[in-house]
Amino acid sequence: MTTVRADEEILDLLATAPHILDFKPSEVARARVWELVGREKAGSLTEEEKSELDHYAQLEHLMRLIKARARKHLQQTP
């Protein structure tokens, strides 16, 4: 029996979205992440900011997974 995981289905769906490989966060979002990274290096992050930075890291990981699947899908599509 094959186990179907909902997260795998969602990743596959998003990987087939038009222009997913072109997606980049806005300048505002990138600036915020770099601000938080700088504050983390300086040791001055609040707990709320640490949580925010962790959330951005999770989103980055998710987007890397989606884009990897999109590339694989494009290679398999004639």
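As a reminder, the structure under discussion sits directly above these lines.
Presented here is a report on the structure given in the accompanying data block. As the structure is a prediction and not an experimental result, all values here were calculated from the model.

## Quick look at the nonpolar core
Part 1 of the argument: Counting residues in hydrophobic clusters, the biggest one holds 5 residues: Leu11, Ala15, Ile20, Ile66 and Ala70.
Part 2 of the argument: Elements with a contribution of two residues or more to this core: α1 (6-15) and α3 (47-76).
Part 3 of the argument: Residues contacting Ala15, with those up to four places away along its chain left out, are Ile20, Ile66, Arg69 and Ala70.

## With respect to the layout of surface pockets
Part 1 of the argument: One number sums up the size of the largest pocket: a volume of about 550 Å³.
Part 2 of the argument: In this structure, the largest pocket is lined by 17 residues; those nearest its centre are Pro25, Val33, Tyr56, Leu59 and Glu60.
Part 3 of the argument: At the level of elements, α2 (27-42) and α3 are the ones that each hand at least two residues to the lining of the largest pocket.
Part 4 of the argument: When residues in the lining of the largest pocket are grouped by element, the largest group, 10 residues, is from α3.
Part 5 of the argument: Here the lining of the largest pocket is composed, by residue class, of 11 nonpolar, no polar and 6 charged.

## Description of the side chain of Glu49
Part 1 of the argument: Locating Glu49 in the fold gives a position in helix α3.
Part 2 of the argument: Engagement of the side chain of Glu49 in a polar contact is seen with the backbone nitrogen of Thr46, the distance being 2.9 Å.
Part 3 of the argument: In this view, Glu49 contacts Arg32, Leu36, Arg39 and Ser44; residues no more than four positions away in its chain are not counted.

## Focus on the pattern of salt bridges
Part 1 of the argument: This model, assessed by the stated rule, comprises 9 salt bridges.
Part 2 of the argument: Across the salt bridge formed by Asp12 and Arg69, the nearest N and O atoms sit 2.7 Å from each other. Of this pair, Asp12 sits in helix α1 while Arg69 is found in helix α3, placing the two residues 57 residues apart along the sequence.
Part 3 of the argument: A salt bridge links Arg39 to Glu49; its shortest N-O distance comes to 3.0 Å. With Arg39 in helix α2 and Glu49 in helix α3, this pair connects stretches of sequence that are 10 residues apart.
Part 4 of the argument: Assessed through its relative accessible area of 12%, Glu49 is described here as buried.

## Observations concerning the packing of α2 against α3
Part 1 of the argument: Where α2 meets α3, the axes come as close as 10 Å, and the angle between the chain directions of the two elements is 125°. In this view, α2 runs oblique relative to α3, as classed from their interaxial angle. The way α2 lies across α3 gives a crossing that is left-handed. Residue-level inspection shows Arg32, Val33, Leu36, Val37, Arg39 and Glu40 of α2 in contact with α3, the latter providing Glu49, Lys50, Glu52, Leu53 and Tyr56.
Part 2 of the argument: The residue inventory of the contact of α2 with α3, partitioned by class, reads 5 nonpolar, no polar and 6 charged.

So, how was this worked out
- Residues numbered from 1 in each chain as written.
- Predicted model: local features only at pLDDT ≥ 70, side-chain atom pairs only at ≥ 80, totals over all residues.
- Heavy atoms only, no water.
- Core = buried A, V, L, I, M, F, W, Y, C linked by side-chain atoms within 4.5 Å.
- Buried < 20%, exposed > 50% of the residue type's maximum accessible area, 1.4 Å probe, protein only.
- Helix = DSSP H or I, 4+ residues; strand = E, 2+ residues; numbered from the N terminus.
- Contact = heavy atoms within 4.5 Å.
- 1 Å grid on protein atoms, 1.4 Å probe; cavity = no way out; pocket = protein on both sides within 12 Å on 5 of 7 lines; lining within 4 Å.
- Points joined across faces, edges and corners; volume = space filled by probe spheres on them.
- Nonpolar A, V, L, I, M, F, W, Y, C, P; charged D, E, K, R; others polar.
- Polar contact = N/O pair within 3.5 Å; in protein donor to acceptor, adjacent residues only side chain to side chain.
- Salt bridge = Lys/Arg side-chain N within 4 Å of Asp/Glu carboxyl O.
- Axes fitted to C-alpha atoms, helices over the stretch in contact; angles between N-to-C directions.
- Parallel < 35°, antiparallel > 145°, perpendicular 65-115°, else oblique.
- Left-handed = near helix turned anticlockwise from the far one by under 90°.

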